[in-house]
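In case you want the letters, here they are:
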Amino acid sequence: MLVFSDIKSIQKELQVNSDNFTVGFVPTMGALHQGHLSLVAQAKRENSVAVVSIFVNPTQFNNASDLDNYPKTLDEDLRMLKDIGCDYVFTPTVSEMYAQNVNSENFTFDGLEFEMEGKFRAGHFDGVGTIVRRLFEIVNPTKAYFGEKDFQQLQIIRTMVRNLELPVQIVGCPIYREDDGLAMSSRNQRLTKEHRKVAPLIFKVLSEVQKRFGTENVTTIMQWVESEIKEEPLLELEYFEIADEATLKSVSKIEKNGKYRAFIAVFAGDIRLIDNISLAN
Ligand code: AMP
């Protein structure tokens, strides 16, 4: 496995003039867990080489302390990546990616950016769009892998690729969970013991929503979720929505052939956790 931190070296390495050479790319912010590794394994299976980037992107953080406290475990990350047969890792510095201008470009993502996370994390998706587009330019991947854990991000990247006609195929990958159902996240490391203990309630609630969907109406389900989370004093609900998978607009009525998902954001102390689940109609 080769590790590069400058743009020119990785570009040079990945410039292979062969028709059937394909690059599978997984952008990450490090502090890797099995969820990340499942994406890397898929990238490796489906391509000639797997490339992972590790870069804590400052422009997608709307909260300075979240950025300062974001876990950094580079040595352990590299060991895990080597163990699963990753080929290349790109670990640029902030100045390598942004030079003197640590700012986002402005994007429009067909309105997806104004829903859910967009309402609570100002500028977040402009930061994501900026860094993912730059990484795509550098790595020039055939396929890029994103987790459904961040479903809104996945749909936003799909929209960016379509609108800018970028030559990459976006692959969505299932959410990887702990045995107790908690969606794996780099931020889970920062949960206190008490918060970690109660955090699986998030997935329990989503699973119950999945069961109730189709027999109960959306308003009743929303009220039920709010009261369930309220009963746990260590968790605080930021939002719960049932939304159309394509537009991410919250729905109050279910259409027969629609595709829907339930989305949730919860604070466990200072740590913000998000999760989602697909709803069969
Ligand atoms: P991050 O390092 O949090 O930016 O995540 C990098 C990629 O891994 C993103 O595409 C995430 O959606 C994905 N990811 C993070 N956690 C999980 C998980 N539990 N299951 C599947 N994919 C995940």
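Each remark here, short or long, concerns the structure printed above.
This write-up is about the structure you can find in this document. Since the structure is predicted, the reported quantities are computational estimates derived from the model, not experimental observations. (Residues numbered from 1 in each chain as written. Predicted model: local features only at pLDDT ≥ 70, side-chain atom pairs only at ≥ 80, totals over all residues. Heavy atoms only, no water.)

Moving on, we come to the packing of aromatic side chains. Considering all chains together, one arrives at 9 aromatic pairs under this definition. Taking 5.4 Å as the distance between ring centres and 20 degrees as the angle between the ring planes, the aromatic pair formed by Phe-120 and Tyr-239 counts as stacked. Here Tyr-239 lies in strand 7 (residues 235–244) and Phe-120 lies in helix 6 (residues 117–120), a separation of 119 residues in the sequence. A relative accessible area of 35% means that Phe-120 is categorised as partly exposed. Among the residues examined, Tyr-239 registers a relative accessible area of 7% and is labelled buried. Taking the centre distance of 6.4 Å and the plane angle of 75 degrees together, the rings of Phe-136 and Phe-146 count as edge-to-face. Of this pair, Phe-136 sits in helix 7 (residues 124–139) while Phe-146 is found in strand 5 (residues 143–147), placing the two residues 10 residues apart along the sequence. Three or more aromatic residues joined by ring pairs form one cluster here, namely Phe-25, Phe-136 and Phe-146. (Phe/Tyr/Trp six-rings, centres within 6.5 Å; stacked < 30°, edge-to-face > 60°. Helix = DSSP H or I, 4+ residues; strand = E, 2+ residues; numbered from the N terminus. Buried < 20%, exposed > 50% of the residue type's maximum accessible area, 1.4 Å probe, protein only.)

A word on the pairing of strand 9 (residues 271–279). Most of strand 9 is tucked away, with 8 of its 9 residues classed as buried. Bridge analysis of strand 8 (residues 260–268) against strand 9 gives 9 bridges, and the strand direction is antiparallel. When the sheet's bridge partners are listed, Tyr-260 is paired in strand 9 with Leu-279. (Pairing = 2+ DSSP bridges.)

It is worth spelling out the side chain of Glu-241 at this point. Topologically, Glu-241 is positioned in strand 7. When its relative accessible area of 10% is taken as the criterion, Glu-241 is described as buried. Excluding anything up to four places from it in sequence, Glu-241 contacts Met-116, Lys-119, Ser-250, Arg-261, Ala-262 and Phe-263. (Contact = heavy atoms within 4.5 Å.)

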